[in-house]
Amino acid sequence: MTHPDSDHDETPSGQLPERRVAGMRWGWFGAGLVIAGVGAAGWGHVLRWSLVEKPSVGTNIGLLLAAGLLLVLLAALVRLARRAARPEGSLSPVSDAVDSVRERAGLAVLVVIPFALYGLVRLQRGSMGGLPEPGDVLFGLGMTFAAAGLAVLGRAAADLTGRSLTSLCAGLLTVAAVAQAGLLAAETLPVEATTAALPVEAATAASAMAPVTVTQGPSRVIPDPSGAGPGPSKVGTGHAALSPGPASVSKVAWRWRPPGGEPVRQVVAAGGHVVVRTFDGVVAVDSATGRERWHYRRPGAVAVEVVATPDGGLVAVEFGSVRGAQKVRPRTVLLDAYTGEVRSEQANGLRSNAAFTSYGFVTADPDNGTVVGWGLPDTGEPVWSYRLPGGCHADSEQGTRSEFWQVELRDVIALPVSCDRNVAVIALNPRNGDEVWRYERPWTDGKPDIEADPAEDGSALGLTFRDGDGTVTKEVVLAQEHGEDVGTVDSPAKVFQVFNADGYLTESDESGRATYGWESYGGGEPKTAELPALGGDPWQVRHLPLKDGLLVAQATVKADTVSIGTHMAGWGMTEPRSISIDMGYRQIVDFQRRALNLIPVSGAVVVAYNGGATVVGLA
């Protein structure tokens, strides 16, 4: 019997009353949280497994247990729905089904809660490491909502006796909205960056190459079929080529210290200035004033490496996670070197042993003689490939050696090879892999042995030839534009280290004095400069020929500081000008044999030491 003033039906003793409360049915809302949470966590687990790392056996066993309990809970929910749909007879089976759902939801929540905590810890560690993974975001939030949904479902299981699609969808949409917000935060929040306007001179100046005097040698040059070289490696921004630096230096013009007292980890020339790698990013320092132009930092992450294109138009920064943080995929960010604007970001690291050009990365495999070009951004699909012609070999057993097989010059990628009875260098256009020029030289004295080294300014390639017992027999220099011999080094017994397309530096020590000579390939009287003999570790000494003289820097490393002595001697002068610089020092983990930097840029020579606390500009 139903009373007119009652808001519920009278039911016999032992039967569940029919709820008619307007609004949210929390049991269905909890079911929506569970369904969407399990889906998000499962997808996050798949992303993590396929892209980052495989989970441990214990984690997989626990997840299988949780999945089994959820299936048991699903079976109980199905029974409850079927019994609630049969109004005839006693409703005690419906009550039993509700109790069964509560019990199974309570048991499942006890298993899911540890995984929710585990997922949140992973998410927190990834965020603290500066590179939160989408898989961690989805897994942590999904497991948390699944646990919350199970708790709500257990307490409001009786709501499931009636249907409420609105409440179910509310739970689903809640998880979807929070997961989307979490993914968006993971992509945008960890970045701290500023940009700079493109300098007028960089946008309007045209790059110019100094003319090179060509002396014909016993070489064969094969020109590009189009009749032209590859042209400057530009990225279409109108950026000017790098400046060779001042004619001479005499004073400290400016000093710059990394933020927060961090050590300098790496310095590269790019964008007409220098880009300094610090702990969590990069900072561009104006070479004329020593002031910051722009920076790109990811707090909590670690900037692993920075590389610049030969024309200085782009820099690529690889980020990894801090020690002890959640393992994540490395990230590579491509930046405009002049403005700091982000060109692209990819969830992978820099390609190992690859040349970085304005057209993309170039990798080479000497074992099978193949070279592959990858685009920008690097999608993982090759843009072009090249294979050595028949009879040519590149492996070390065939007598060709360099730090990497492919040698990056200003506009071409050079490949030192041996072809039948000849030693050769093949130059490729990094834009499309076309052969630009080829240098060949007959070799009759046993197995050929050739070592290739690039000039620091990328203008030339130095070739050192050795006979069977390793004795240097000849050193030649090839201009990178056309591959012709620009000259032969006159002192083949001494391997040269400082050279370009115009000349090379020689050194002789007598009576505690070092006499340096800059000799042109075309002959003539060499330029000379005298300095005190430095001695010590040769890896801590750098030489930089300038227009009006020679700049030499030597680093002295102590427990808590690095002092750099610089000596500038004019050509034809015997008394150098010396400047001593205290750089400060903090030991950094990554070992770098050539930690001393002496970089000529527009308006200054930048002096820095990887691990030091200061960057100095000499003018």
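Residues numbered from 1 in each chain as written. Predicted model: local features only at pLDDT ≥ 70, side-chain atom pairs only at ≥ 80, totals over all residues. Heavy atoms only, no water.

Caption draft 1: Up close: unusual backbone geometry. Cis geometry marks the peptide bond from L376 to P377; its omega dihedral reads -5°. Positive phi, normally seen in glycine, also occurs at N353, with a value near 55°. Tracing the chain through its elements places N353 in the loop between β10 (342–346) and β11 (355–357). Looking at N353, the relative accessible area reads 46%, which means it is partly exposed. (Helix = DSSP H or I, 4+ residues; strand = E, 2+ residues; numbered from the N terminus. Buried < 20%, exposed > 50% of the residue type's maximum accessible area, 1.4 Å probe, protein only.)

Caption draft 2: Molecular detail of the pairing of strand β30 (residues 562–570). β30 sits mainly inside the fold: seven of its nine residues count as buried. Here strand β29 (residues 549–557) runs beside β30; their pairing, made up of nine bridges, is antiparallel. Paired with L551 across the strands is M568, a residue of β30. Counting the residues that bridge the hairpin from β29 to β30 gives four residues. Relative to strand β31 (residues 577–582), β30 runs antiparallel, the two being bridged by six bridges. (Pairing = 2+ DSSP bridges.)

Caption draft 3: Summary view of helix α4 (residues 134–155). Compared with an ideal rise of 1.5 Å per residue, which puts 22 residues at 32 Å, α4 spans 32 Å between its outermost C-alpha atoms and is within 8% of the ideal. Of all 22 residues in α4, 17 are buried; the element is thus mostly enclosed. (Expected span 1.5 Å × (residues − 1).)

Caption draft 4: Structural context of the state of the cysteines. The final tally for this structure, using the stated rule, is one disulfide. Note that C392 is cross-linked by a disulfide to C419, the S-S spacing being 2.0 Å. Here the S-S torsion is close to 110°, and the disulfide linking C392 with C419 is therefore right-handed. Of the two residues, C392 sits in strand β15 (residues 392–393) while C419 sits in strand β18 (residues 413–419), which places them 27 residues apart along the sequence. Classification of C392 by relative accessible area gives buried; the value is 11%. (Disulfide = S-S within 2.5 Å.)

Caption draft 5: Structural detail: the environment of G570. Position of G570 among the secondary structure elements: in strand β30. Residue G570 is classed as buried on the basis of its relative accessible area, which comes to 15%. Sequence separation of G570 and D548 is 22 residues, and the distance between their C-alpha atoms is 5.7 Å. Not counting residues within four places of it along the chain, the set of residues in contact with G570 comprises T528, A529, D548 and G549. (Contact = heavy atoms within 4.5 Å.)

Caption draft 6: Layout of a nonpolar patch on the surface. Judged by side-chain polarity, L71, L74 and V78 come together as a nonpolar surface patch covering roughly 280 Å² of accessible area. Here L74 shows up in helix α2 (residues 57–84). For L74, a relative accessible area of 48% gives the class partly exposed. (Patch = residues over 30% accessible without salt bridge, like charges linked within 9 Å, V, L, I, M, F, W, Y side chains within 5 Å. Areas by Shrake-Rupley, 256 points an atom, 1.4 Å probe, with all protein chains shown as cover. Salt bridge = Lys/Arg side-chain N within 4 Å of Asp/Glu carboxyl O.)

Caption draft 7: Fine view of the nonpolar core. If you look at the biggest cluster of nonpolar residues, it comprises 27 residues, and the most contacted ones within it are L73, V101, V112, F139, M143 and L150. Taken together, the elements giving at least two residues each to this core come down to α1 (26–51), α2, α3 (92–128) and α4. Considering every element that reaches this core, the biggest residue donor is α3, with nine residues. Sequence-distant contacts of V112, defined by excluding residues within four places in its chain, comprise A66, M143, A146, A147 and L150. (Core = buried A, V, L, I, M, F, W, Y, C linked by side-chain atoms within 4.5 Å.)

Caption draft 8: Region of the structure containing the sheet that holds strand β9 (residues 331–336). The sheet built from four strands is open, its strands ordered β7-β8-β9-β10 with antiparallel pairing. Either end of the sheet is taken by a strand with one partner, and the two such strands are β7 (301–308) and β10. Neighbour-to-neighbour, the strand axes of the sheet open up by a mean angle of 20°, direction not taken into account. Strand direction decides the pairing type here: β7 and strand β8 (residues 314–321), joined by seven bridges, are antiparallel. Looking at the pairing, V307 lines up with A316 of β8. (Axes fitted to C-alpha atoms, helices over the stretch in contact; angles between N-to-C directions.)

Caption draft 9: Seen up close, empty space enclosed by the protein. Inspection of the entire model under this criterion finds one cavity of 30 Å³ or more. When its volume is computed, the largest cavity comes out at roughly 30 Å³. Surrounding the largest cavity, T332, Q346, N348, G349, L350, R351, F361 and D378 form its lining. Residues belonging to the lining of the largest cavity are distributed by class as follows: two nonpolar, four polar and two charged. (1 Å grid on protein atoms, 1.4 Å probe; cavity = no way out; pocket = protein on both sides within 12 Å on 5 of 7 lines; lining within 4 Å. Points joined across faces, edges and corners; volume = space filled by probe spheres on them. Nonpolar A, V, L, I, M, F, W, Y, C, P; charged D, E, K, R; others polar.)

Caption draft 10: Representation of the sheet that holds strand β25 (residues 503–510). One open sheet accounts for three strands, arranged β25-β26-β27; its pairing is antiparallel. Each having just a single partner strand, β25 and β27 (527–532) make up the two edges of the open sheet. Here the strands of the sheet are splayed against their neighbours by 20° on average, with no regard to which way each runs.

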